[in-house]
Amino acid sequence: IDYTFPQGFLWGSSTSAPQSEGTIPGDGKGLNNWDYWYSIDPDKFHNHIGPEKAAEFYQNYQEDIKFLKQTGHTVFRTSIQWARLLPQGTGEVNQKAVEFYRDMFRRINAEGVKLMINLYHFDIPFALEEQGGWENKATVKAYEEYAKICFKEFGDLVDTWITFNEPIVPVECGYLYQYHYPCKVDPKAAVQVAYNTQLASALAVKACHEANPDHKISIVLNLTPAYPRSSHPADQKAARIAELFQAKSFLDPSVLGEYPKELVELVKKHDLTPDTTPEELAIMKENTVDFLGVNYYQPLRVAAPQYLANPESPFFPTVYYDHYQMPGRKMNPHRGWEIYERGIYDIAMNLKENYDNIEWILTENGMGVEGEEKFKVDGMIHDDYRIDFIKGHLKELHRAIADGANCQGYLLWTFIDCWSWLNAFKNRYGLVELDLKTAEKTIKKSGHWFKELSDNNGF
Ligand code: BGP
């Protein structure tokens, strides 16, 4: 073993409820934004496969859970679907959902696998979306109630929670770049949504601590470092501002309890200041997370913008930076994303130096592969590229831990191949293959390797 990890280091994977469960049979589940969007615009979705199918975990979880141990999991992260538990977003609790989640959590606990349960993975009940969704502070209140119900119904089975997954993504995709419903281009709404989400997160932290003082709660952020093209001050400034919008917008209030001053000023300069109250800001200040979840896939590379922004156009953070493709960069040949393992080390050192060395867990890292069935030999996918990908990132994580990073676990995206927001099943990430035609599941080579990795606590 060349790379041994600290004792008790957690090994596992992450998924989300909307991407794994499916909604057939519905069993009382209400529509969320994805269900609704698919129902009105299936053409948006790859091969017209929508969230109603996902990976059918809802029907098959009892069988699927068996793969956890076989692939070396000591931790497993998934989410609760708000619209399954509260079909209208507020009000009556769907008892079928309570039974389903309780049974699933109990079975996972019985396997000796630690649960990390996320309350929100891009999925808002559609009844709330219709009333303005995250633009409306009523949604913050509804989320707080929902979180309290989760802590009450499941707090005896789950002690590690997450408030939101990658909250910057619905802000950008839903209110600036039109990749998620409601597909608006409305910077003012984007800023309010970001603020309301952060406030909801702090309220969930508070409620969690009040419900169970020994429970831990976190937020999962995609802390992609922004690398400047050069050391030229204009490029450096572009990187600093990109990081302000992309990472610090949630990292600072979640960990330090306050927004960065420079971000507040920028938002003000563009006349986008959200509606806040001193009481709300005090809630954020007092209810920071116990630990942090970090998702890392690829770096953000930026350069000073080449053109002046059109003053008529709505505000986009990209008026301050251009995306930049570094010549000679290493690419995932099976999907167009850069691979840059060093990003993990840089994130780790940033958290160590600037965020009180807060405890963190790598909650997502993974390699999406299109057409993965071509690597199937004798019934098993030989995904050596994925093993190499994980090893490369783990080496950097190992180096970071040796240099003092407070990282407690590594979770791969994902467990069993699952549905993705717009690409459906095009890019596969799992340790376990899902054959969509036969519904058969087979552990990939990486799944067997991951078991060894976990057993040896290193490689
Ligand atoms: C993360 C999300 C996941 C997952 C992953 C892979 O940002 O938290 O939900 O989907 O990205 O990305 P994609 O599915 O787009 O390939």
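Residues numbered from 1 in each chain as written. Predicted model: local features only at pLDDT ≥ 70, side-chain atom pairs only at ≥ 80, totals over all residues.

The name given to the protein chain in an unreviewed UniProt entry is 6-phospho-beta-glucosidase, with the source organism recorded as Granulicatella balaenopterae. What the UniProt record of the protein chain gives under Sequence similarities (unreviewed entry) is the line "Belongs to the glycosyl hydrolase 1 family." (UniProt positions renumbered as here; feature names shortened; annotations may be inferred.)

Asker: Please provide a residue-by-residue account of the overall build of the protein chain, values included.
Answerer: If you tally the helices and strands in the protein chain, you get 16 helices and 17 strands. Against the globule reference of 23 Å for 459 residues, the protein chain gives a C-alpha radius of gyration of 21 Å, in line with a compact fold. Expressed along its principal axes, the backbone C-alpha trace of the protein chain runs to roughly 60 × 55 × 45 Å. Among the 459 residues that make up the protein chain, the fraction classed as buried is 48%. Restricting to contacts in the protein chain with at least 6 residues of sequence separation, those with at least 24 account for 77%. (Helix = DSSP H or I, 4+ residues; strand = E, 2+ residues; numbered from the N terminus. Rg over C-alpha atoms; globule rule 2.2 N^0.38 Å. Buried ≥ 20, exposed ≤ 12 C-beta atoms within 10 Å, placed from the backbone. Contact = placed C-beta atoms within 7 Å.)

Asker: Give a detailed account of the site of the ligand, specifying residues and quantitative values.
Answerer: All residues in the neighbourhood of the ligand are listed as Ser16, Gln19, Asn165, Glu166, Asn222, Asn295, Glu364, Gly368, Trp413, Ser420, Asn423 and Asn427. A class-by-class count of the residues in the shell around the ligand yields one nonpolar, nine polar and two charged. (Near = placed C-beta within 6 Å. Nonpolar A, V, L, I, M, F, W, Y, C, P; charged D, E, K, R; others polar.)

Asker: Lay out the nonpolar core with the relevant residues and their values.
Answerer: Within the largest apolar cluster, 111 residues are counted, with the highest numbers of intra-cluster contacts made by Ala204 and Leu221. With residues near it in sequence (within four places) discarded, Leu221 still touches Glu166, Ala247, Phe250, Leu251, Leu292, Gly293 and Val294. Listed in part, the 10 residues of the second largest apolar core include Tyr227, Ala242, Phe245 and Ala303. (Core = buried A, V, L, I, M, F, W, Y, C linked by C-beta atoms within 7 Å.)

Asker: Go over the pairing of strand β4 (residues 160–165) with me, naming the residues and quoting the values.
Answerer: The buried count for β4 comes to five of six residues, which makes it a mostly enclosed element. Direction of pairing for strand β3 (residues 114–118) relative to β4: parallel, over a ladder of two bridges. Bridging from a neighbouring strand, Asn118 pairs with Ile162 of β4. Relative to strand β5 (residues 216–222), β4 runs parallel, the two being bridged by four bridges. The residue of β5 that forms the bridge with Trp161 is Ile217. (Pairing = 2+ DSSP bridges.)

Asker: How would you explain helix α11 (residues 233–256) if you had to name every residue and give the values?
Answerer: Its 24 residues place the ends of α11 only 27 Å apart at the C-alpha level, less than the 34 Å of an ideal helix rising 1.5 Å per residue. With 17 of its 24 residues buried, α11 lies for the most part within the structure. The first or second residue beyond α11 is Gly257, which carries a positive phi of 85°. (Expected span 1.5 Å × (residues − 1).)

Asker: Tell me about the sheet that holds strand β6 (residues 226–228), and please be specific about residues and values.
Answerer: Taken in spatial order, the three strands line up as β6-β8-β9 in an open sheet, and their pairing is mixed. Edge positions in the sheet fall to β6 and β9 (322–323), since each of these pairs with one other strand and no more. With two bridges joining them, strand β8 (residues 300–303) and β9 adopt antiparallel strand pairing. Considered in β9, the bridge of Ala303 is made with Asp322.

Asker: Kindly report on the packing of helix α15 (residues 384–402) against helix α16 (residues 445–456), identifying the contributing residues and their values.
Answerer: Close contact between α15 and α16 brings their axes to 8 Å; oriented N to C, the two are set at 35°. Viewed along their axes, α15 and α16 form a crossing whose handedness is right-handed. Residues Asp384, Arg386 and Ile387 of α15 form the contact with α16, whose own contacting residues are Lys445, Ser446 and Trp449. Residue composition of the contact of α15 with α16, grouped by class: two nonpolar, one polar and three charged. (Axes fitted to C-alpha atoms, helices over the stretch in contact; angles between N-to-C directions. Left-handed = near helix turned anticlockwise from the far one by under 90°.)

Asker: Please provide a residue-by-residue account of the sheet that holds strand β14 (residues 407–413), values included.
Answerer: Paired through their backbone hydrogen bonds, the strands of a sheet run either parallel or antiparallel. Strand order in this closed barrel of eight strands is β1-β2-β3-β4-β5-β7-β10-β14, and the pairing throughout is parallel. Recorded for the sheet is a direction-independent mean angle of 25° between the axes of neighbouring strands. Across the sheet, α11 is in contact with β5 and β7 (291–295); its angle to β5 comes to roughly 165°.

Asker: Hey, could you go over the pairing of β5 for me, with residue numbers and the actual values?
Answerer: Counting buried positions along β5 gives six out of seven residues, so the element sits mostly inside the fold. Bridge count for β5 against β7 is five bridges, and the pairing is parallel. Bridge assignment links Val220 to a residue of β7, and that residue is Gly293.

Asker: Explain the packing of helix α8 (residues 137–154) against helix α10 (residues 187–211) to me, using residue names and the numbers behind them.
Answerer: Where α8 meets α10, the closest approach of the two axes is 9 Å, and the angle between their N-to-C directions is 30°. Accordingly, the angle class assigned to the pair α8 and α10 is roughly parallel. Where α8 crosses over α10, the two elements pack in a sense that is right-handed. Contact with α8, carried on its side by Lys137, Thr139, Val140, Tyr143, Glu144, Ala147, Lys148, Phe151 and Lys152, involves Asn196, Leu199, Ala200, Leu203, Ala204, Ala207, Cys208 and Ala211 of α10 and no other residues of that element. Of the residues belonging to the contact of α8 with α10, the class tally is 11 nonpolar, two polar and four charged. (Parallel < 35°, antiparallel > 145°, perpendicular 65-115°, else oblique.)

Asker: Outline unusual backbone geometry, supporting the account with residue identities and numerical values.
Answerer: Peptide bonds are, in most cases, trans, and in most cases residues other than glycine have a negative phi. Cis rather than trans, the peptide bond between Tyr181 and Pro182 has omega equal to 10°. Relative to the assigned elements, Pro182 resides in the loop between α9 (168–175) and α10. Residues Trp413 and Thr414 are joined by a peptide bond in cis, for which omega reads 15°. With respect to the helices and strands, Thr414 occurs in the loop between β14 and β15 (427–428). One non-glycine residue, Glu56, lies in the positive phi region at around 55°. If you trace the backbone, Glu56 turns up in the loop between α2 (33–40) and α3 (57–64).

Asker: Account for the environment of Ala239, naming residues and giving values.
Answerer: On the secondary structure map, Ala239 appears in helix α11. Between the C-alpha atom of Ala239 and that of Phe57, which follows or precedes it by 182 residues, the distance is 40 Å. Once you skip the residues sitting within four places of it in the chain, Ala239 turns out to touch Ala226, Tyr227, Pro228 and Val302.

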